[in-house]
Amino acid sequence: MEFKTTQERVDEIKLLMQYAAPEEHRKVGIELIEKHGADRVALNLFHAFYSYLPDARDDVIKILRELERQKGVFLISATTLYEDYLFIVTQEKAEFIGALSKGIWDEEVLNFFGFANRESFLKKFRDISNVAVYTPVAIDRSLCPACSVADGEHHVFGCPVEICPWCEGQFTSCNCRFTQLNKNRLDRESHLKDLQAKAEEKGRIPFDAEKHMPAFPSDGSTALD
Ligand SMILES: [Zn+2]
Ligand SMILES: [Zn+2]
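Since the structure is predicted, the reported quantities are computational estimates derived from the model, not experimental observations.

Enquirer: It is not clear to me how the overall build of the protein should be interpreted in this structure. Could you clarify?
Expert: Within the protein, the secondary structure is distributed over 8 helices and 4 strands. Counting from the amino terminus, helix and strand elements in the protein follow one another as α-α-α-β-β-β-β-α-α-α-α-α. Counting only residues that meet the buried cut, the protein has 40% of its 225 residues in that class. Considering only contacts in the protein between residues 6 or more positions apart, those separated by 24 or more positions represent 51%. Surface exposure of the protein reaches about 13200 Å², of which carbon and sulfur atoms provide 49%. When the 28 positive and 37 negative side-chain charges of the protein are each reduced to one mean point, those points stand 2 Å apart.

In structure tokens, the structure reads:
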């Protein structure tokens, strides 16, 4: 796995964009990337788009809209010079789906976001001009800053913000995972599955935006404690 600082990643995306965007539209592209400079979800989308232009023609993303969000997985529409493109994006990766006008064919994806079928998706998003513009995750305080789940949802398993249901410490760093599974180390996916099952049995602690949010600079509003 490759680790980069956010700035390195932003610079890399900007470089990719230089080759992808028609010159007169580069400014718009750069501004959008910079607006999302601290947001891994958007950066993953930009990276996917600019390293593999969907229709193999020069293009630039002008607007991002959040169509759906579920358990830290975003369905985002990227409006470019020519098309609205669909992406499924998490803090880890972005996956290109296709043109918005073609909808989603994958039933699993449709069900995950609560659509009965492709037609109902197309009906809801025939016109997206009124759909809210995507807000950078880093400034949306109602989302877990690490895995992007919403207030009241369970974290993506392995999220460093999740509270341990046994000791109420940080679940990814306390020792409960070893004691609960009676193992010295967890090195297989099956171990993690077992741990997740045990935690669910015990009662996982969902994300609470007010209580669990790592300290943010105060915006002057009064906290309700
Ligand atoms: Zn989380
Ligand atoms: Zn613990």
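Enquirer: Could you clarify how one ought to interpret the side chain of R204 in this entry?
Expert: Within the fold, R204 resides in the loop between α7 (189-202) and α8 (209-212). Judged by its relative accessible area of 9%, R204 falls in the buried class. Reaching out from R204, the side chain makes a polar contact with the backbone oxygen of H155 at a distance of 2.7 Å. Here the side chain of R204 touches E200 through a polar contact of 3.3 Å, side chain to side chain. Dropping the residues within four chain positions of it, R204 is found in contact with H154, H155, V156, F157, E162, Q196 and A199.

Enquirer: Help me understand the pairing of strand β4 (residues 94-99) in this model?
Expert: Consecutive side chains along a regular strand alternate between the two faces of the sheet. The pairing of strand β3 (residues 84-89) with β4 spans 5 bridges and is classified as antiparallel. Bridged to L86 within β4 is G98. Counting the residues in the hairpin turn of β3 and β4 gives 4 residues.

Enquirer: Explain helix α3 (residues 40-51) here, please?
Expert: Each turn of an α-helix holds 3.6 residues, which means side chains three or four residues apart point in the same direction. Here α3 is 12 residues long and its end C-alpha atoms lie 16 Å apart, about the 16 Å a rise of 1.5 Å per residue gives. For α3, the full list of buried residues reads V41, A42, L43, N44, L45, F46, F49 and Y50. Looking at the packing, one finds that the buried side of α3 touches α1 (6-20), α2 (26-35), β1 (61-70), β2 (73-80), β3 and β4. Put simply, D39 is the residue that caps the front of α3, since its side-chain oxygen is 3.0 Å from the backbone nitrogen of V41.

Enquirer: Help me understand the coordination of the zinc ion (ligand 2) in this model?
Expert: Where a metal carries four tetrahedral donors, each ideal angle is 109.5 degrees; where it carries six octahedral donors, the ideal angles are 90 or 180 degrees. Protein coordination at the zinc ion (ligand 2) comes from C164 (SG), C167 (SG), C174 (SG) and C176 (SG), with a distance range of 2.2 to 2.3 Å. Given 4 donor atoms and angles of 105 to 112° at the metal, the environment of the zinc ion (ligand 2) is assigned as tetrahedral. Going along the chain, you hit the donors of the zinc ion (ligand 2) in the pattern C-x2-C-x6-C-x1-C. We classify C164 as buried; its relative accessible area is 0%. A relative accessible area of 41% means that C167 is categorised as partly exposed.

Enquirer: Would you take a moment to explain the pairing of β3 for this structure?
Expert: For β3, a buried count of 5 out of 6 residues is recorded, marking the element as mostly surrounded by other parts of the structure. Bridge analysis of β2 against β3 gives 6 bridges, and the strand direction is antiparallel. Paired with A78 across the strands is Y85, a residue of β3. Hairpin connection from β2 to β3: 3 residues lie between these consecutive antiparallel strands.

Enquirer: Explanation requested: the sheet that holds β3 in the structure shown.
Expert: Paired through backbone hydrogen bonds, the strands of a sheet run either parallel or antiparallel to each other. The strand order across the open sheet built from 4 strands is β1-β2-β3-β4, with neighbouring strands paired in antiparallel fashion. The sheet terminates laterally at β1 and β4, the two strands that pair on one side only. Going across the sheet, the axis of each strand differs from the next one's by a mean of 25°, ignoring polarity.

Enquirer: Looking at this structure, I do not really get unusual backbone geometry. What am I missing?
Expert: Note: most peptide bonds trans; most residues except glycine with negative phi. Backbone geometry places A56, a non-glycine residue, at a positive phi of 50°. Within the secondary structure, A56 sits in the loop between α3 and β1. Phi angles above zero are rare outside glycine, and K71 is one such case at about 50°.

Enquirer: Any chance you could explain a negative patch on the surface here in plain terms?
Expert: A surface patch of negative charge is lined by E95, D106, E107 and E108. With respect to the secondary-structure elements, E108 resides in helix α4 (residues 107-112). Residue classification places E108 among the exposed residues on the basis of a relative accessible area of 66%.

Reading the values: the criteria
Residues numbered from 1 in each chain as written. Chains lettered and ligands numbered in written order. Predicted model: local features only at pLDDT ≥ 70, side-chain atom pairs only at ≥ 80, totals over all residues. Heavy atoms only, no water. Helix = DSSP H or I, 4+ residues; strand = E, 2+ residues; numbered from the N terminus. Buried < 20%, exposed > 50% of the residue type's maximum accessible area, 1.4 Å probe, protein only. Contact = heavy atoms within 4.5 Å. Areas by Shrake-Rupley, 256 points an atom, 1.4 Å probe, with all protein chains shown as cover. Lys, Arg positive; Asp, Glu negative; His and termini not counted. Charge placed at Lys NZ, Arg CZ, Asp CG, Glu CD. Polar contact = N/O pair within 3.5 Å; in protein donor to acceptor, adjacent residues only side chain to side chain. Pairing = 2+ DSSP bridges. Expected span 1.5 Å × (residues − 1). Donors = N, O, S within 2.8 Å, 3.2 Å for Na, K, Ca; no water. Tetrahedral: all angles 85-135°; square planar, octahedral: opposite > 155°, others 65-115°. Axes fitted to C-alpha atoms, helices over the stretch in contact; angles between N-to-C directions. Patch = residues over 30% accessible without salt bridge, like charges linked within 9 Å, V, L, I, M, F, W, Y side chains within 5 Å. Salt bridge = Lys/Arg side-chain N within 4 Å of Asp/Glu carboxyl O.

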